[in-house]
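One-letter residues, chain by chain:
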Amino acid sequence: MIHKLFSVLLLVGFLGIGSAVNAQELQASLAAVGCVACHKMDAPLVGPSYKQVADKYRGDSAAPALLLSKVKQGGSGTWGPIPMAPHAHLSEEQIQPLIDGILAIE
Ligand code: HEC
């Protein structure tokens, strides 16, 4: 009984650490390409927080492609009048994992 409880706790602890590491990795990747100048994880800055983006598009299968082209080409009007600058210097292979990471935020 105690044994079982212990392994459940271990599992919970492990999952907790796992997602913290992923969030940290995502944060580092976003910082490396300059997204953090305008976005924070859980509060709006110049643009919406990544948590807001994740909530808005949860379950939307068109979102990964839509957001990829939005980040690459820039644009405004979804969250307000302030435009996001284009990121034409980043490849789709660089941007897509960032989008996937953002959309996976709980
Ligand atoms: C110069 C500031 C700025 C930078 C740098 C920036 N963004 Fe944005 N971002 C914005 C603004 C402003 C919006 C809101 C645009 C709108 O309302 O349509 C936005 C919106 C978004 C959205 C939601 C788009 C939508 O249509 O819902 C995503 C996803 C996003 N940004 C990701 C990124 C990523 C990834 C990077 C780094 C490669 C990045 N942003 C860099 C300002 C920025």
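Just so you know, these numbers come straight off a predicted model, no measurement behind them.

Caption draft 1: Highlighting helix 3 (residues 63-73). Every buried residue of helix 3 is listed here: A63, L67, L68 and V71. The buried residues of helix 3 all sit within an arc of 130 degrees when viewed along its axis, so they share a single face. Turned more than 90 degrees away from the buried face of helix 3, the exposed residues are A65 and Q73. Along its buried surface, helix 3 packs onto helix 2 (50-57) and helix 4 (92-103). G74 occupies a position one or two residues after helix 3 and carries a positive phi of about 80 degrees.

Caption draft 2: Up close: the site of the ligand. For the ligand, the set of nearby residues contains 23 residues, the closest of which are C35, C38, H39, Y57 and M84. The separation between a nitrogen atom of the ligand and a polar side-chain atom of H39 is 2.8 Å. Between the ligand and W79 there is a distance of 2.5 Å, counted from an oxygen atom to a backbone nitrogen or oxygen. Among the secondary structure elements, those contributing two or more residues to the shell around the ligand are helix 2 and helix 3. Take the shell around the ligand: its biggest share by element is three residues, from helix 3. Looking at the shell around the ligand, its residues break down into 13 nonpolar, nine polar and one charged.

Cut-offs used in this document
Residues numbered from 1 in each chain as written. Predicted model: local features only at pLDDT ≥ 70, side-chain atom pairs only at ≥ 80, totals over all residues. Heavy atoms only, no water. Buried < 20%, exposed > 50% of the residue type's maximum accessible area, 1.4 Å probe, protein only. Helix = DSSP H or I, 4+ residues; strand = E, 2+ residues; numbered from the N terminus. Arc of directions from axis to C-beta. Contact = heavy atoms within 4.5 Å. Near = heavy atom within 4 Å. Polar contact = N/O pair within 3.5 Å; in protein donor to acceptor, adjacent residues only side chain to side chain. Nonpolar A, V, L, I, M, F, W, Y, C, P; charged D, E, K, R; others polar.

None of the figures reported here should be taken as evidence of function without further support.
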